[in-house]
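Chains, contacts and geometry: an overview
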Amino acid sequence: ELAADHPDLLAGHRFMDPNQWPDNLPGFRETLLEYADAQMALAMKLLPLYATALDLPAQYFNDHAGFRDPGFRVRMLHYPPQPDRKPNVFGAGPHTDYSLFTILPQSDVDGLEIMAGRDKWVRAPMMPEHLLINTGDMCMRMSNGKFGSTPHRAFNKSTEVRNSAPFFFSPDSDVVMKTLPNCISADHPARFDDISYGEYFKSRIEKNYDHQQKGAASN
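Residues numbered from 1 in each chain as written. Predicted model: local features only at pLDDT ≥ 70, side-chain atom pairs only at ≥ 80, totals over all residues. Heavy atoms only, no water.

**A look at the overall build of the protein**
Helix and strand counts for the protein stand at 6 helices and 12 strands. Over its C-alpha atoms the protein spans a radius of gyration of 19 Å, differing by no more than 12% from the 17 Å that the globule rule assigns to 219 residues. Taken across its 219 residues, the protein has 37% of its residues classed as buried. Partitioning the contacts of the protein with sequence separation of at least 6, the portion at a separation of at least 24 is 74%. Surface summary for the protein: the accessible area is close to 13,400 Å², and the carbon and sulfur share equals 53%. One finds the centroid of the 22 positive side-chain charges in the protein at a distance of 9 Å from the centroid of its 28 negative side-chain charges. (Helix = DSSP H or I, 4+ residues; strand = E, 2+ residues; numbered from the N terminus. Rg over C-alpha atoms; globule rule 2.2 N^0.38 Å. Buried < 20%, exposed > 50% of the residue type's maximum accessible area, 1.4 Å probe, protein only. Contact = heavy atoms within 4.5 Å. Areas by Shrake-Rupley, 256 points an atom, 1.4 Å probe, with all protein chains shown as cover. Lys, Arg positive; Asp, Glu negative; His and termini not counted. Charge placed at Lys NZ, Arg CZ, Asp CG, Glu CD.)

**Describing the pattern of salt bridges**
Applying the stated criterion across every chain yields a total of 7 salt bridges. Where R29 meets E1, a salt bridge forms, and the shortest distance between an N and an O atom there is 3.0 Å. With R29 in helix α2 (residues 28-53) and E1 in the segment before α1 (7-10), this residue pair connects regions lying 28 residues apart in the sequence. D110 is the salt-bridge partner of R123, the closest N and O atoms lying 3.3 Å from each other. Of this pair, R123 sits in strand β6 (residues 120-123) while D110 sits in the loop between β4 (101-105) and β5 (112-117), placing them 13 residues apart in sequence. Assessed through its relative accessible area of 25%, R123 is described here as partly exposed. (Salt bridge = Lys/Arg side-chain N within 4 Å of Asp/Glu carboxyl O.)

**Concerning the environment of L49**
Position of L49 among the secondary structure elements: in helix α2. Judged by its relative accessible area of 56%, L49 falls in the exposed class. Remark: the alpha-carbon pair of L49 and Q59, spanning 10 residues in sequence, is separated by 9.2 Å.

**Here we look at the nonpolar core**
Residues F61, L100, F101 and F169 are the most contacted members of the largest nonpolar core, which totals 28 residues. Looking at this core, the elements with two or more residues in it are α2, β4, α4 (137-142), β10 (167-170) and α5 (197-208). With 8 residues, α2 is the single largest residue contributor to this core. Apart from the residues within four sequence positions on either side, F101 is in contact with A43, L46, L47, Y50, I133, N134, T135, G136, F167, F168 and F169. In this structure, L104, I114, A124 and L132 belong to the second largest nonpolar core, which totals 5 residues. (Core = buried A, V, L, I, M, F, W, Y, C linked by side-chain atoms within 4.5 Å.)

**A look at unusual backbone geometry**
Excluding glycine, a negative phi dihedral is what most residues carry, and trans is how most peptide bonds are arranged. You will see that E129, though not glycine, has its phi angle at about 65°, which is positive. The phi dihedral of N144 falls on the positive side, at around 60°, and the residue is not glycine. With respect to the helices and strands, N144 occurs in the loop between α4 and β8 (152-154). Note on N144: relative accessible area 7%, which makes it buried.

**Details of the sheet that holds β4**
The strand order across the open sheet built from 4 strands is β1-β10-β4-β7, with neighbouring strands paired in antiparallel fashion. Sheet topology places β1 (71-74) and β7 (131-135) at the edges, where each strand pairs with a single neighbour. With strand direction ignored, the average angle separating the axes of adjacent strands in the sheet is 20°. Pairing geometry for β4 and β10, over 3 bridges, is antiparallel. Directly across from F101, in β10, lies its bridge partner F169. (Pairing = 2+ DSSP bridges. Axes fitted to C-alpha atoms, helices over the stretch in contact; angles between N-to-C directions.)

**Description of the sheet that holds β8**
The strand order across the open sheet formed by 4 strands is β3-β8-β5-β6, and the pairing between neighbours is antiparallel. The open sheet has two edge strands, β3 (92-95) and β6, and neither has a second partner. Neighbouring strand axes in the sheet, compared pairwise and without regard to direction, differ in orientation by 25° on average. Where β3 lies against β8, 2 bridges are found, and the strand directions are antiparallel. Bridge pairing in β8 places A92 opposite A154.

The following block contains the structure:
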C-alpha cells in the first residue's frame, strides 16, 4: 500500500498502481495486508537459506541492492471442481513463476502438480499447516541454472472448491540483476543476460499475448 503522494505513484511507475479493494467485504483489506506483511517477513528470512545453498555469505541477498526494497504480488486463485476434467484442461496450465521464489500455503483441497522429469508430473504432497516454496525464474537466472525454476500446474479433480493465495517474492523491479559470479566458470559460462525484474516481468507478460498481437497483424 502506497500513500497517494508517493513519488512512484505520482511518476506513474508501471508496477506501482494503487491496490484496488472491494467495498463490500468488511475486513478483507486488513486481513490481506496482514497476510502480505507476514509473508514478506518470512521471505526475508528465507533469503539466507538460498544464499547459503549457493555458497554465498548468509546475508548476501539481504544486503543486495535488489532486495533492499523487494517486490511482491499476492494472487487469490479460485479453482472450481473439475471431477470430469478432460485432457489438457487446467485450472492453471503448466508454467514457471517469474519471481525469485513463491510461498504457497497448503490448501485443504488437493490440486497442485510439479514436474519431476520430462513428461512426468507428481502431485504435491498434502501437508496441512506447511508451506511449499517454488523456486522461480529470477533465481534460475541469477544462479545460472544451478537452481531450476519449478514447472508446475494445477487442476481440481475433487468435488470441492479449491482456493489458493500464493505470494510471489521478487527483487526490486528497477534493479538490474546479474548472474552470481560464483555460478559462472569456464565450463559454465553465463547463460542469461543481465536484466531487471521489471523488464523481465514485462517481457513475459507481453509474450503471453503474442498470439493476440499476431492475430491482429494478420487481420
